[in-house]
Amino acid sequence: MIVLGADSHKRSHTIAAVSAATGELLGERTVQVGATGFAALVGWARELGTERVWALEDCRHVSGSFERFLIARGERVLRVTTKLMADSRRRARARGKSDSIDALAVARAALREGLDALPAAQLGGPELDLRLLVDHRESLARQRVALNNTLQWHLHDLWPELRLPGSSLFHGTWGPRVARRLARAEQTTRVRIARDQLRRIRELTAALKTLEAEIAQLVAHIAPQLLAEPGLGPLTAAKLVGEIAGADRFATDAKLARAAGIAPIPVSSGKTNRHRLDRGGNRQINATIHRIAITRLRCHPETQAYIARKRAEGKNTKEAIRCLKRHLTRRLWHLLQPPHPETERSIS
């Protein structure tokens, strides 16, 4: 078995081939990004051995095209998080940093973690569309918040007595009222800037509403079973589906929990037997499941009973919520498996 570690960049990719049995470097190659370079890499890799696996650093904004090229040609592709690669490079004997060193670090990080433990890459489907839509919505929402913050200061400078709730300009009657007041005011530079910012906030709000409707429709088509779960609305479900990118990539719910940084890490020694919080993994999945847990804890009686039982066992609230997140990860993994189960026992 040969492991091909890839260090991807915008203009070039460097590949290091390593023997899975010995960890020995068998060769390396650097090519320009594009179909010609990718084809040359695949041909070179096939000459090295019939059993091979590609380990790509998980930087999909630069490695996505190469990843899709490999999968379309029947190659097995694994994703290695940047944190694992960084740890491998720190432990390496070779000092410094280069594309060759990084590619070798990716391959050896994949070997150290285990080829069956890393998530496999797959061609983008509706989950990728959903992730792109969610990311675009979040980007527009950040722009709207930044505009609103600046506009609030302009309005305070113009009319210090004016009191506006934080998000009042996004919806309701405050926006039109402020627009009319700005139109009647003397058209100084500050007033003209405020009017332009208010107009852009309105445009962003309309775009966000359109995106949210499209996301809700796509989620209802891809994962309608999630929408029936307490604590999951369309946006939360969309974030979860887009970030997981296919729960069947994970052989067990434990592997999904580890990838999301939800599975506790053992830190036992001698007579001490305990676990600590995992601060690694995909923090977007982790944060989404945390929001689901907090929402269910607020309004779902069965979840409240579950937390009460954990508290009775001697756990504090944070520890009980961590247990709940692990339980929810198991449930979500089952719900997202194809074919989707019709029913599953709720928290008891």
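Residues numbered from 1 in each chain as written. Predicted model: local features only at pLDDT ≥ 70, side-chain atom pairs only at ≥ 80, totals over all residues. Heavy atoms only, no water.

*Asks:* When you look at the packing of helix 6 (residues 174-184) against helix 7 (residues 189-222) in this model, what are you seeing that I'm missing?
*Replies:* A pair of packed helices can be characterised by two numbers: the angle between their axes and the separation between those axes. One can describe the packing of helix 6 onto helix 7 by two numbers: an axis separation of 10 Å at closest approach and a directional angle of 155°. Here helix 7 runs roughly antiparallel to helix 6, going by the angle between their axes. When the axes of helix 6 and helix 7 are compared, the crossing they make is left-handed. Contacts from Gly 175, Pro 176, Val 178, Ala 179, Leu 182 and Ala 183 in helix 6 reach Val 191, Ala 194, Arg 195, Leu 198 and Arg 202 in helix 7. (Axes fitted to C-alpha atoms, helices over the stretch in contact; angles between N-to-C directions. Helix = DSSP H or I, 4+ residues; strand = E, 2+ residues; numbered from the N terminus. Parallel < 35°, antiparallel > 145°, perpendicular 65-115°, else oblique. Left-handed = near helix turned anticlockwise from the far one by under 90°. Contact = heavy atoms within 4.5 Å.)

*Asks:* How do you make sense of the pairing of strand 4 (residues 52-57) when you look at a structure like this?
*Replies:* Consecutive side chains of a regular strand alternate in pointing toward one face of the sheet and then the other. Among the six residues that make up strand 4, six are buried, leaving the element largely enclosed by the rest of the structure. Every second residue of strand 4 is oriented toward a common face, with Arg 52, Trp 54 and Leu 56 on one face and Val 53, Ala 55 and Glu 57 on the other, all of them buried. Direction of pairing for strand 1 (residues 2-8) relative to strand 4: parallel, over a ladder of five bridges. What sits directly across from Gly 5, in strand 4, is Ala 55. Relative to strand 5 (residues 77-80), strand 4 runs parallel, the two being bridged by four bridges. When the bridges of strand 5 are listed, Glu 57 appears paired with Val 80. (Buried < 20%, exposed > 50% of the residue type's maximum accessible area, 1.4 Å probe, protein only. Pairing = 2+ DSSP bridges.)

*Asks:* What is the right way to look at the pairing of strand 1 in this model?
*Replies:* For strand 1, the buried fraction is high: seven of the seven residues fall into the buried class. Taking every second residue as pointing to the same face, both faces of strand 1 are buried, with Ile 2, Leu 4, Ala 6 and Ser 8 on one and Val 3, Gly 5 and Asp 7 on the other. Across seven bridges, the pairing between strand 1 and strand 2 (residues 12-19) is antiparallel. Across the sheet, Ser 8 pairs through a bridge with His 13, a residue of strand 2. Hairpin connection of strand 1 to strand 2: three residues between the antiparallel strands.

*Asks:* Explanation requested: the environment of Asp 116 in the structure shown.
*Replies:* Mapped onto the elements, Asp 116 comes out in the loop between helix 4 (99-113) and helix 5 (126-158). Residues Asp 116 and Ala 39 lie 77 residues apart in sequence; the distance between their C-alpha atoms is 26 Å. The contact partners of Asp 116, leaving out residues within four places of it in the chain, are Arg 76 and Lys 255.

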